[in-house]
Amino acid sequence: MNTCLVVDEMHPSLQPLLQSIGIAVDYQPTLTAAEVPAALAAQPYEGLVVRSKLRVTADLLAHGPHLRYVARAGAGTDNIDEAAMATAGVTLLNAPEGNRDAVGEFAVGLLLTLLRNIARADYEVRQDLWLREANRGEEIGGKTIGLLGYGHMGRALARRLSAFGCTVLTHDSNPAVVTDQYTTLVPLAELQARADVLSLHIPYSPANHHFVNEAFLAAFTKPIWVLNTARGEVLNHAALVAGLQAGTVRGAALDVLDNEKLRQLTAAQQATFDFLKTAANVVLTPHVSGWTHESYARINEVLVEKIRAFRAGAAGPTARS
């Protein structure tokens, strides 16, 4: 029986699922990132299952010469050096299908919270303020929603938005992306000319670092609401703050930040965060859009099926988020 090393805490269904396809599990979620290389070198592991504890680099892979795959329990792969994986001949598997529904639902919730002033109104009522007119909101129906990126997460949101009577436009730089009945694929300039809302669904990579910056936001014809359930680093937060201050950004809902270690912010990050956390038209959540009890288990099911297919020689390319 082949063995894989699991170095992050996982839903308890993972071990029996892996065992059902003939894989023994060495479950060591208490390992620190610094201890993983030695653990990899200790046994001829076929696979490594990770979440976000450590970066998978060329140096780490060198400690596991028998590795055939690294399985990322989730969608994002920004902690994995894909070039190093290719050089080492190790296949990357991930599971964006496992939490796409959770992200799609949550993004709708963020949009409703922004347009209907839900978070602000809740806070005011708790302060004994009953301000109905000040919290008159806007409806999703009739709006044009622009999606930047149309992988699993963008598709899940578009499908849910179809019930609201709005127009959904999508821009994706990948020429292989195909549209469906829930959206229309458009050039970026058209999305910027028509959108009332911008929702980010692109993965983080060095090429996407601060992809949404001051010039990007300035190109929108109308003042927009901004949603980010992707990765914080794809958005320049200083540019977002400037847009909020100028009124070209009407509000923002951020489930991710460029630095989510709030006690380790740089001076510049602290300045933008201080503004965001006190702005009445900004909603902040702690990277939980894909974090549900259902997705926690579903990710395992998706990942184990991909591992099974890979070992059977039927695995396709890494799924996009």
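Residues numbered from 1 in each chain as written. Predicted model: local features only at pLDDT ≥ 70, side-chain atom pairs only at ≥ 80, totals over all residues. Heavy atoms only, no water.

Asks: What is the right way to read the overall build of the protein chain from this model?
Replies: When you go through the protein chain residue by residue, the secondary structure sums to twelve helices and twelve strands. The C-alpha radius of gyration of the protein chain comes to 21 Å, within 12% of the 20 Å expected for a compact globule of 321 residues. The C-alpha extent of the protein chain, read off along each of the three principal axes, is 65 × 45 × 35 Å. Split into buried and exposed, the 321 residues of the protein chain put 49% on the buried side. Long-range pairs, those at least 24 residues apart, make up 61% of the contacts in the protein chain between residues at least 6 apart in sequence. (Helix = DSSP H or I, 4+ residues; strand = E, 2+ residues; numbered from the N terminus. Rg over C-alpha atoms; globule rule 2.2 N^0.38 Å. Buried < 20%, exposed > 50% of the residue type's maximum accessible area, 1.4 Å probe, protein only. Contact = heavy atoms within 4.5 Å.)

Asks: I'm lost on the packing of aromatic side chains in this one. Help?
Replies: Think of a pair of aromatic rings as described by two things: how far the centres are apart, and how the planes are tilted against each other in angle. One pass over the full model with this rule turns up four aromatic pairs. With 6.0 Å between their ring centres and 35° between their planes, Trp291 and Tyr296 make a pair best called tilted. Classification of Tyr296 by relative accessible area gives partly exposed; the value is 26%. One aromatic cluster in this structure is built from Phe211, Phe216 and Phe220. (Phe/Tyr/Trp six-rings, centres within 6.5 Å; stacked < 30°, edge-to-face > 60°.)

Asks: So what exactly am I meant to see when it comes to helix α10 (residues 237–246) here?
Replies: One full turn of an α-helix is made of 3.6 residues, so residues set three or four places apart face in the same direction. What α10 keeps buried is the set His237, Ala239, Leu240, Val241, Gly243 and Leu244. Against α9 (214–218), β10 (224–228), β11 (249–254), α11 (267–278) and β12 (282–284) lie the buried residues of α10. N-cap assignment for α10: the residue whose side-chain oxygen lies 3.0 Å from the backbone N of Ala238 is Asn236. Downstream of α10 by one or two residues, Gly247 has phi in the positive range, about 85°. (Polar contact = N/O pair within 3.5 Å; in protein donor to acceptor, adjacent residues only side chain to side chain.)

Asks: I would appreciate a short explanation of the UniProt feature "domain: D-isomer specific 2-hydroxyacid dehydrogenase NAD-binding" (unreviewed entry) in the protein chain in the present structure.
Replies: UniProt marks residues 108–289 with the feature "domain: D-isomer specific 2-hydroxyacid dehydrogenase NAD-binding" (unreviewed entry), using the numbering shown here. Secondary structure content for residues 108–289 is 34% helix and 16% strand, while the C-alpha to C-alpha distance between its ends is 10 Å. (UniProt positions renumbered as here; feature names shortened; annotations may be inferred.)

Asks: Whenever I open this one, the pattern of salt bridges confuses me. Can you help?
Replies: Opposite charge on two side chains lets them pair, provided their charged atoms get close. All told, the structure shown has 16 salt bridges when counted by the stated rule. Where Arg231 meets Asp78, a salt bridge forms, and the shortest distance between an N and an O atom there is 3.0 Å. Taken together, the residues Arg231 in the loop between β10 and α10 and Asp78 in the loop between β4 (69–72) and α4 (82–88) connect sequence positions 153 residues apart. Look at Asp78 and you get partly exposed, because its relative accessible area is 27%. We note a salt bridge from Arg194 to Glu190, for which the minimum N-O separation is 2.8 Å. (Salt bridge = Lys/Arg side-chain N within 4 Å of Asp/Glu carboxyl O.)

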